[in-house]
Amino acid sequence: MRVAYATTFDARDVHNWSGTPYHMAKALAAEGMEVEYIGSLKRKLPPLFKTKQTIKKYLCDQRESPRFNCFAAKHYSEQVAQQLKQSKANVVISPLINPIAYLDCKQPIVLWTDALYAALLGFYPPFAYHSASSVTQGNEITAQCLKRASLAIFSSEWAANSALELYGVSKEKVKVVPYGANIESHPSFEEIQPIIKNRSTDKIKLLFLAKSWERKGGDIVLAVAKALYESGYPVELSIVGYTPKIEANLPYAKCLGFISKQKPEGKERLYRLLCDSHFLFLPSRADACPMVFAEANAFGLPCLTTYVGGISTAVRDSINGMTFGLDAPIRVYCDYIVSLFQDRARYEELALSAYNEYVTRLNWKAATGNIRNLLINL
């Protein structure tokens, strides 16, 4: 099977979109599909767009989005259609809306993404200031894409339900296939057992791994670490990806800044943190379905998070972590962490179960195996 893999950027560059398109395409190829890359598309905006954008920003405090613009989306789709004329692909697949929103071609079109525009409005902070024009066009682009797609595949139940409920897509077209972890390697079953057993028994080690502090609930993580420390529990919080403005030299928290896993030394440092920590702690206020949960599970690291967006598809209570309500008090988090830390057998059982979730469900091989079957049926 030959797949035309369409993105606006170069999907062969692992730095784009946290490496998700890169790992997705590689996994499709590993599943026996011949991947033909269509990307590095040129963006073209309508005349006077920048002027309109500036006026909306300063007079109305609104954002005119270049990403959610019908003119730009049509230009992207035209470029994809042009490249497909010379293609022998059996199917077109994309993790993005724009390259396929207005695409007319002989091949069936498949969307495999993590969220739709209408579901992000009022949910993700950057979408709160979109102009009325951007809202209209964002929904129009999405509707056109879903209309053309033979399959609309989503990484979570939440995203799939938004297609059914907000855009009226037929159930037959909608599927759920979670994304895998964007990592090059992971411990074997023989290696993971000593990794879990060697975790500290005299200090609670929490890991916050994200670039967005407020949206990912960094302030909650810090408050929990402080409460544990003040209650007499030895605790160490490692903050990676974002450097918050907090008091220097806190005895229970250390800011490690951004660590690039594209560099060997960065990758080794991140993997060591995943091995040594007891929990990945990410109580998000808004999230589609971050791959970091799968990455944590690959190292037998249970996840503490919130029941919002598509998170519950990745994190299942008492199987590979625990989800909490957005209004959960700090003491609820503390009680859960302490109860597991003090019951070593129960903690190790959860950690091994988290690893099993990665091995059986939250990896790219499992994901693209499901996709391959769907494409064959299509």
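Please refer to the structure higher up on the page.
Residues numbered from 1 in each chain as written. Predicted model: local features only at pLDDT ≥ 70, side-chain atom pairs only at ≥ 80, totals over all residues. Heavy atoms only, no water.

## What to know about the overall build of the protein
To keep it simple, the criterion reads: Strands are runs of DSSP state E lasting at least two residues, helices are runs of H or I lasting at least four, and both sets are numbered from the N terminus onward. Throughout, the radius of gyration refers to the C-alpha atoms, and the reference size of a globule is 2.2 Å times the residue count to the power 0.38. Exposure classes here rest on a 1.4 Å probe applied to the protein chains alone. A residue is buried below 20% of its type maximum, exposed above 50%, and partly exposed in between. Note on contacts: a residue pair qualifies if any of its non-hydrogen atoms lie within 4.5 Å across the two residues. For every accessible area listed, the method is Shrake-Rupley and the probe measures 1.4 Å; residues are considered covered only by the protein chains on display. Here the positive residues are Lys and Arg and the negative ones are Asp and Glu; neither His nor the chain ends is included. All charge positions are set by atom: Lys at NZ, Arg at CZ, Asp at CG, Glu at CD.
When its secondary structure is counted, the protein shows 14 helices and twelve strands. A globule of 378 residues ought to have a C-alpha radius of gyration of about 21 Å, and the protein, at 22 Å, matches this closely. In terms of overall dimensions, the protein has C-alpha extents of about 65 × 55 × 40 Å along its principal axes. Residue burial in the protein is summarised as follows: out of 378 residues, 56% are buried. Within the protein, contacts between residues separated by at least 24 positions form 67% of all contacts whose residues are at least 6 apart in sequence. Accessible surface, the protein as shown: approximately 17,100 Å² in total, 51% of it carbon and sulfur. Here the protein contributes 44 positively and 35 negatively charged side chains, and the mean placements of these two sets differ by 8 Å.

## A short note on the nonpolar core
So the rule is basically this: For the purposes of this section, nonpolar cores are sets of buried Ala, Val, Leu, Ile, Met, Phe, Trp, Tyr and Cys residues that join through side-chain atoms within 4.5 Å.
Membership of the largest hydrophobic core comes to 66 residues, with the highest contact counts inside it found for Leu206, Leu237, Leu280, Phe293 and Ile337. Among the elements that take part in this core, helix H12 (residues 330–342) stands out by supplying seven residues, more than any other. Beyond its immediate stretch of four places on either side in the chain, leucine 237 contacts Leu206, Phe208, Val221, Leu222, Ala225, Tyr252, Ala253 and Lys254. Membership of the second largest hydrophobic core comes to 38 residues, among which are Ala4, Phe68, Ala89 and Ile100.

## Topic: the state of the cysteines
To keep it simple, the criterion reads: Note on terminology: disulfide denotes any pair of cysteine sulfur atoms within 2.5 Å.
Across all of its chains, the model carries zero disulfides by this definition. In this structure cysteine 145 is not part of a disulfide, and its nearest cysteine sulfur, from cysteine 105, lies 11 Å away. Take cysteine 145: its relative accessible area is 1%, and that puts it in the buried class. With no disulfide of its own, cysteine 275 has cysteine 303 as its nearest cysteine by sulfur position, at a separation of 14 Å.

## So, helix H9 (residues 264–276)
Heads up, the condition is: By definition here, a helix of n residues has an expected span of 1.5 Å times n minus one.
With 13 residues, H9 should cover 18 Å at 1.5 Å per step; its first-to-last C-alpha distance of 18 Å lies within 8% of that length. Three or more residues of H9 are buried, namely Gly266, Leu270, Tyr271, Leu273, Leu274 and Cys275. For H9, the elements touching its buried residues are helix H7 (189–197), strand S7 (204–209), strand S8 (235–240), strand S9 (253–257) and helix H10 (292–297).

## Thoughts on the sheet that holds strand S1 (residues 2–6)
So the rule is basically this: At least two DSSP bridges between two strands are needed for those strands to be called paired. Angles here are taken between N-to-C directions and fall from 0 to 180 degrees, while the axes themselves are lines fitted to C-alpha atoms, restricted in helices to the stretch in contact.
In space, the six strands of this open sheet follow the order S2-S1-S3-S4-S5-S6, with parallel pairing throughout. The outermost strands of the open sheet, each flanked by one partner alone, are strand S2 (34–38) and strand S6 (174–176). Across the sheet, the mean angle from the axis of one strand to that of its neighbour is 25°, orientation sign disregarded. Inspection of the sheet shows S1 paired to strand S3 (residues 91–94) by three bridges, in the parallel sense. Looking at the pairing, alanine 4 lines up with valine 92 of S3. Contacts from helix H5 (residues 132–148) reach strand S4 (109–113) and strand S5 (149–154), with the element oriented near 115° to S5. Against the sheet, helix H14 (residues 364–377) makes contact with S1, S3, S4, S5 and S6, and its axis sits at roughly 155° relative to S4, the strand it touches most.

## A closer look at the packing of aromatic side chains
Spelled out, the test is: We call Phe, Tyr and Trp rings a pair once their centres come within 6.5 Å, taking the six-membered ring for Trp, and we label the pair stacked below 30 degrees between planes, edge-to-face above 60, and tilted otherwise.
Enumeration according to the criterion identifies 18 aromatic pairs in this entry. A centroid spacing of 4.5 Å and a plane angle of 55° characterise the contact between phenylalanine 68 and tyrosine 117, whose relative ring orientation is tilted. One end of the pair, phenylalanine 68, is in the loop between helix H2 (49–60) and helix H3 (70–84); the other, tyrosine 117, is in helix H4 (residues 117–120), with 49 residues separating them in the sequence. Taken as a pair, phenylalanine 68 and tyrosine 117 share a single burial class, namely buried. Here the aromatic cluster, defined as three or more aromatic residues joined through ring pairs, consists of Phe68, Tyr117, Phe123, Tyr124, Phe127 and Trp158.

## Remarks on the sheet that holds strand S12 (residues 321–324)
Taken together, six strands build an open sheet; the order of strands is S9-S8-S7-S10-S11-S12 and the sheet is parallel. Single-partner strands in this sheet number two, and they are S9 and S12. Across this sheet, the average inter-strand angle for adjacent strands is 25°, counted without regard to direction. In terms of strand pairing, strand S10 (residues 279–282) meets strand S11 (residues 303–306) through three bridges, oriented parallel. By the bridge assignment for S11, leucine 280 is matched with cysteine 303. Seen against the sheet, helix H8 (residues 218–230) touches S7, S8, S9 and S10 and runs at an angle of roughly 160° to S8. Sheet strands touched by H9: S7, S8 and S9. Its angle to S7, the strand with the most contacts, is close to 135°.

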